[in-house]
Amino acid sequence: MLKVKIEIGQEEAAAVRELALLSPEIAKKRKPIRVLSVIAVVLMGFAAVINFLNHSLGYALLGLILAIIFGWLAFDKGIAFQNFILKKHQNKSDNRLISGFREYHFDDDGVGVSSEIGQSTNKWDAFKYWGIFKNYIYLRRLDNQILLVKISDLSKEDYALLISILEAHLTQTKTA
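None of the values given here were measured: they were computed from a predicted structure.

A.B. asks: Would you take a moment to explain helix α2 (residues 24–53) for this structure?
C.D. replies: The periodicity of an α-helix, 3.6 residues per turn, causes residues three or four places apart in sequence to face the same way. Spanning 30 residues, α2 covers 44 Å between terminal C-alpha atoms, matching the ideal 44 Å at 1.5 Å per step. Looking at α2, one finds that the buried residues are I26, R30, S37, A40, A48 and N51.

A.B. asks: Can you walk me through the sheet that holds strand β7 (residues 146–150) in this structure?
C.D. replies: Within a beta sheet, neighbouring strands are joined by backbone hydrogen bonds and run either parallel or antiparallel to one another. Taken together, three strands build an open sheet; the order of strands is β5-β6-β7 and the sheet is antiparallel. Two strands lie at the open edges of the sheet, namely β5 (127–133) and β7, each paired on one side alone. Sheet twist, expressed as the mean angle between neighbouring strand axes with direction ignored, is 15°. Judged from the five bridges that link them, strand β6 (residues 136–141) and β7 form a sheet pairing that is antiparallel. Residue Y138 lies in a different strand from β7, and its bridge partner there is L148.

A.B. asks: Quick question: what am I supposed to make of the pairing of β7 here?
C.D. replies: When a strand is regular, its side chains alternate between the sheet's two faces. Burial of β7 is extensive: five of the five residues sit out of reach of the surface. Both faces of β7 are covered, namely the face carrying I146, L148 and K150 and the face carrying L147 and V149. Hairpin connection between β6 and β7: a loop of four residues separates the two successive antiparallel strands, and N144 in this loop has a positive phi of roughly 70°.

A.B. asks: Explanation requested: the environment of L57 in the structure shown.
C.D. replies: Mapped onto the elements, L57 comes out in helix α3 (residues 57–76). Given the relative accessible area of 53%, L57 is considered exposed. Taking C-alpha positions, L57 is 28 Å from D76, a pair spaced 19 residues apart along the chain.

A.B. asks: Could you clarify how one ought to interpret the packing of aromatic side chains in this entry?
C.D. replies: The geometry of an aromatic ring pair comes down to the distance between the two centres and the angle between the two planes. If you walk through the whole model with that rule in mind, you get three aromatic pairs. For the pair Y129 and Y138, a centre-to-centre distance of 6.5 Å together with 85° between the ring planes defines the contact as edge-to-face. What makes Y138 buried here is its relative accessible area of 3%.

A.B. asks: Would you mind going over the environment of I33 with me for this structure?
C.D. replies: Mapped onto the secondary structure, I33 falls in helix α2. Note on I33: relative accessible area 36%, which makes it partly exposed. A C-alpha to C-alpha distance of 7.3 Å links I33 and A74, two positions 41 residues apart in sequence.

A.B. asks: Looking at this structure, how should I read the sheet that holds strand β2 (residues 100–106)?
C.D. replies: Spatial strand order, β1-β2-β3-β4: four strands in an open sheet with antiparallel pairing. One side of each edge strand has no neighbouring strand; the edge strands of this open sheet are β1 (2–8) and β4 (119–123). Within the sheet, the average angular offset between the axes of one strand and its neighbour, ignoring direction, is 20°. Looking at chain direction, β1 and β2 are connected through seven bridges and run antiparallel.

A.B. asks: How should the nonpolar core be read in this particular structure?
C.D. replies: Generally speaking, a soluble globular protein has its nonpolar side chains buried in company with each other. Formed by 29 residues in total, the largest nonpolar core has its most connected members in F106, V111, W124, L139 and L166. Not counting residues up to four positions away in its chain, the partners in contact with V111 are Y104, H105, F106, S120, T121, N122, W124, F127, L139 and L147.

Calculation rules
- Residues numbered from 1 in each chain as written.
- Predicted model: local features only at pLDDT ≥ 70, side-chain atom pairs only at ≥ 80, totals over all residues.
- Heavy atoms only, no water.
- Helix = DSSP H or I, 4+ residues; strand = E, 2+ residues; numbered from the N terminus.
- Expected span 1.5 Å × (residues − 1).
- Buried < 20%, exposed > 50% of the residue type's maximum accessible area, 1.4 Å probe, protein only.
- Pairing = 2+ DSSP bridges.
- Axes fitted to C-alpha atoms, helices over the stretch in contact; angles between N-to-C directions.
- Phe/Tyr/Trp six-rings, centres within 6.5 Å; stacked < 30°, edge-to-face > 60°.
- Core = buried A, V, L, I, M, F, W, Y, C linked by side-chain atoms within 4.5 Å.
- Contact = heavy atoms within 4.5 Å.

Written as structure tokens, this is what we have:
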């Protein structure tokens, strides 16, 4: 059994947002936005040229501005917008849920979580996979919630033990 403590702060909240943006479910939502934005860039560019030739400079400028906005969405893939929405959602959440201390207990039964709110135990079947992202080991649950463990807070022995426990019960995923 391994006990790990972590304090969830702004750095950890940012890591959770980045992991959420990398998840296949959210990345799939960006694809239609990208396709529609490319179509809109072409249409707005065409409309801007037509309006410029018809001496409607106001409409030409509007078409050009819209083409730039849709181009940004197409090539940025909407990541900045989704990050803004996730950050706004995190700010609206109860602080006790997204910050504070957590203590995780890893053993053969699952992962026990203790926080200021209460305690729970998640069986290994409640998790999809685990991975390493920046300075964190994360576990993604079936409901897409993420548990973070800061690697720098672990000793070499604890790190090796945690990796062996995770490899015994879950599959590892590669994070971009």
